[in-house]
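The lines below spell out each chain.
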Amino acid sequence: MSCVQSWPEPIVRVQSLSESGIRTIPDRYIKHLSDRPLFTGNSPAVNKVNIPTIDLNSLFSGDGAVRRETCELISGACREWGFFQVINHGVDLKLMGGMQEAWREFFHLPLEEKQRYANSPTTYEGYGSRLGVVKEAKLDWSDYFFLHFLPEPLRDPSKWPRLPVSCRELVAKYGEEVVKLCEKLTRILSVSLGLKEDALHQAFGGDENRGACLRVNFYPKCPQPDLTLGISPHSDPGGMTLLLPDADVAGLQVRHAGQWVTVKPVPNAFIVNMGDQMQVLTNGMYKSVEHRVIVNSGKERVSLALFYNPGGETVVKPLEELVTEERPAIYPAMTFNQYRSFIRTRGPCGKSQVESLKSPR
Ligand code: OGA
Ligand code: NI
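**Quick look at the environment of valine 254**
So, point 1. Inspection of the secondary structure assignment puts valine 254 in strand S10 (residues 252–256).
So, point 2. A relative accessible area of 0% places valine 254 in the buried class.
So, point 3. Along the primary structure valine 254 and leucine 131 are separated by 123 residues, whereas in three dimensions their C-alpha atoms are 20 Å apart.
So, point 4. Residues within four places of valine 254 in sequence aside, it is in contact with Phe83, Gln259, Trp260, Val261, Val263, Val289, Glu290 and His291.

**A few points about the site of ligand 1**
So, point 1. Not every one of the 14 residues close to ligand 1 is listed here, only the nearest: Asn217, Tyr219, His291, Arg301 and Ser303.
So, point 2. Contacts to ligand 1 include histidine 234, whose side-chain N or O atom sits 3.1 Å from an oxygen atom.
So, point 3. The protein chains hide 96% of the 290 Å² of surface that ligand 1 would expose on its own.
So, point 4. Elements with a contribution of two residues or more to the shell around ligand 1: strand S7 (211–219), strand S8 (231–234), strand S13 (291–293) and strand S14 (301–309).
So, point 5. With four residues, the single largest contributor to the shell around ligand 1 is S14.

**Some points on the sheet that holds strand S3 (residues 53–55)**
So, point 1. An order of S3-S4-S12-S9-S14-S7-S6-S5 is seen for the eight strands of this open sheet, with the pairing classed as mixed. In the strand order of this sheet, the two ends are held by S3 and strand S5 (126–128), each with one partner. Direction aside, the axes of adjacent strands within the sheet are offset by 25° on average.
So, point 2. Here strand S4 (residues 83–87) runs beside strand S12 (residues 270–274); their pairing, made up of four bridges, is antiparallel. Its bridge partner being in S12, phenylalanine 83 is matched across the sheet by asparagine 273.

**Observations concerning the pattern of salt bridges**
When the charged atoms of two side chains lie near each other, side chains of opposite charge can form a pair.
So, point 1. Inspection of the entire model under this criterion finds 18 salt bridges.
So, point 2. For the salt bridge of glutamate 125 with lysine 159, the shortest nitrogen-to-oxygen distance reads 3.2 Å. Here glutamate 125, found in the loop between helix H4 (111–115) and S5, pairs with lysine 159, found in the loop between strand S6 (143–150) and helix H5 (167–192); they are 34 residues apart in sequence, far enough to count as distant.
So, point 3. The exposure class assigned to lysine 159 is partly exposed, which follows from its relative accessible area of 38%.
So, point 4. Between lysine 173 and glutamate 169 there is a salt bridge whose closest N-O contact spans 3.3 Å. Of the two residues, lysine 173 and glutamate 169 both sit in helix H5, four residues apart, roughly one turn of that helix.
So, point 5. What makes lysine 173 partly exposed here is its relative accessible area of 44%.

**Observations regarding the coordination of the nickel ion (ligand 2)**
Ideal geometry at a metal centre gives angles of 109.5 degrees when four donors are arranged tetrahedrally and 90 or 180 degrees when six donors are arranged octahedrally.
So, point 1. Around the nickel ion (ligand 2), the donor atoms from the protein are His234 (NE2), Asp236 (OD) and His291 (NE2), and they sit 2.1 Å away.
So, point 2. Between the donor residues of the nickel ion (ligand 2), the gaps in sequence give the motif H-x1-D-x54-H. For the pair formed by histidine 234 and aspartate 236, the shared burial category is buried.

**A word on the sheet that holds S10**
So, point 1. Spatial ordering of the open sheet is given by S8-S13-S10-S11, a layout of four strands whose pairing is antiparallel. Looking at the sheet topology across the chains shown, the edges are occupied by S8 and strand S11 (259–262). Looking at each pair of strands side by side, their axes are set apart by 25° on average, direction ignored.
So, point 2. Bridge count for S10 against S13 is three bridges, and the pairing is antiparallel. If you follow valine 254 over to S13, its bridge partner there is histidine 291.

**A closer look at the side chain of glutamate 9**
So, point 1. Here glutamate 9 is to be found in the segment before helix H1 (14–19).
So, point 2. Polar side-chain contacts of glutamate 9 include one of 2.9 Å to the side chain of arginine 28.
So, point 3. Separated by 2.8 Å, the side chains of glutamate 9 and arginine 130 make a polar contact.
So, point 4. If we skip the residues at most four places from it in the chain, glutamate 9 touches Arg28, Arg130, Lys135 and Glu136.

**Describing the pairing of S12**
So, point 1. Burial of S12 is extensive: five of the five residues sit out of reach of the surface.
So, point 2. Note: strand S9 (residues 240–244) against S12, four bridges, orientation antiparallel. Its bridge partner lying in S12, methionine 240 is registered against methionine 274.

**Overview of helix H2 (residues 64–80)**
So, point 1. Compared with the 24 Å implied by 1.5 Å per residue over 17 residues, the 24 Å span of H2 between its first and last C-alpha is a close match.
So, point 2. Where H2 is buried, its residues touch S3, S4, H5 and S12.
So, point 3. Where H2 begins, one side-chain oxygen reaches toward the backbone nitrogen of alanine 65, 3.1 Å away; that side chain belongs to aspartate 63.
So, point 4. Downstream of H2 by a residue or two, glycine 82 has a phi angle that is positive, lying close to 75°.

Here is what the cut-offs are and how they apply
Numbers given to residues run from 1 along each chain, matching the order in which its sequence is written. Numbering of ligands from 1 and lettering of chains from A proceed in the order in which they are written. Predicted model: local features are reported for residues with pLDDT of at least 70 only, side-chain atom pairs are reported and counted for 80 or more only, and whole-chain, interface and lining totals are derived from all residues. Side-chain calculation: all heavy atoms of the structure are included, whereas hydrogens and water are not. Secondary structure elements follow DSSP: runs of H or I no shorter than four residues count as helices, runs of E no shorter than two count as strands, and numbering proceeds from the N terminus. Relative accessibility thresholds used throughout: buried, under 20% of the residue-type maximum; exposed, over 50%; partly exposed, between the two (1.4 Å probe, protein chains only). Contact between two residues is taken to exist if any of their heavy atoms lie within 4.5 Å; hydrogens are not considered. Here a residue counts as near a molecule or strand whenever at least one of its heavy atoms sits within 4 Å of it. Two N or O atoms count as a polar contact when they lie within 3.5 Å, although within protein this holds only if one can serve as hydrogen donor and the other as acceptor, and sequence-adjacent residues are included solely when both atoms are side-chain atoms. Accessibility throughout is a Shrake-Rupley quantity obtained with a 1.4 Å probe, and a residue counts as covered only by protein chains that appear here. For two strands to be treated as a pair, DSSP must find at least two bridges joining them. Helix axes are fitted only over the stretch in contact, all axes being lines through C-alpha atoms; the angle between N-to-C directions runs from 0 to 180 degrees. Here, a salt bridge means any Lys or Arg side-chain nitrogen found within 4 Å of an Asp or Glu carboxyl oxygen. Only nitrogen, oxygen and sulfur atoms qualify as donors, provided they sit within 2.8 Å of the metal or within 3.2 Å for Na, K and Ca; with water excluded from the atoms, sites may seem incomplete. Helix span, expected: 1.5 Å multiplied by one less than the number of residues in the helix.

This is how it looks when you write it as C-alpha cells:
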C-alpha cells in the first residue's frame, strides 16, 4: 500500500474556508477551464434524462418471473449506465435518515473535536480533506470521513466519531444492513452474467475477506461553484458503491454518452454504481462509470458512500467463466490493495487507471 506517511502540504478544512465568509475561492480549488462544470449564472445546466430507477421488491418476495425481470433491468442498467437507483431495497428508512442526521451533526461539531480524527495518507481512516498526495495538485471542494466496516479485523469503532453519541451504533447497524443489500445485488449480478449465484461473492473473498468501507462526504457552500468541483471525475476503485445522497441537494453527475448528467435523487433510494473491480471481474462486461460532484452557493450537501470491495489481499482477475477464445482476459491479476494504492497516491484521475491496465490486443 501507499508508503507516504503524511500530506505534502498543510491541510485546510474546506468547511472552515467556507465558513470564513470568503467571496472568492483560493487558486488551489480553481479547476482548469476545460474541467469546470457547465453553469448558467448560479445554476448548473439541466438535463431531462435520469439514471434508471429499479424496484427491488421482487427480490424479497417469492415470484420467480418478476425476480427474473428485475434481474434483466439491473443487467440493462449496468450495461447502459453503470449507475441506477434502487427503491424498496429493504434497508430501514429511519436508519438511513438517522445516519444522515448524525453525520450532518458531526460535521457541525467544533473543529477541535473533528481534528481528533485527522487522517493521514497511510490508511486514509478518519477526517480528511484531500485524496492523493501530489504536491501542488488542484484540490476538491469537500471534506470527508472515511472508516472501515469489513473485513472484521479492520473494523475499529474507536476510530469512528464518539459524537454525536448515536453515531457508532448507527454506523454499525447501517453497515450491516447495507452490506446485506450489496451481497444480494452481487448475487443478482452473478445470475445476470450466467454465473453461479455466489460467483461474485466468492470473487470478493467471501464472508471472511470481503471489504466494506464508508466515506461520508461533506460539501460546504461554495461562493464560486462554477470554478470548482466537489469531487473531480473518477471511477470508484472498488467493487460496487451504494450512495445515500442528500435528500435536498443534487450534486452527483454521471458521464453518459459523452455528457455530464446530473442525477435527480429519488426519495429514500440508494444510488448504485459499479466500480473498477467489477469491470475487471466481468472482463469489461459491466463497466465502472466516471462521475463527479458539483457544488453550489446556497446549500451544503452530505452524502454517504458505502464501498463494497474485494478483500485487500484478494487477487482480482477476470472470472474464468467469462474468459473465452473470442473474449480473452483484458485485465491482469492484481490484489485490491495493489490497485487501490494508485488512486490513494494520485487522487481522482477519471478512468485512466483501469483503462491503463488493458492488455494490448
Ligand atoms: C464518492 C462519490 C458522490 C457524491 O464518494 O466516491 O463519488 O454524490 N460521491 O457524493
Ligand atoms: Ni465515487
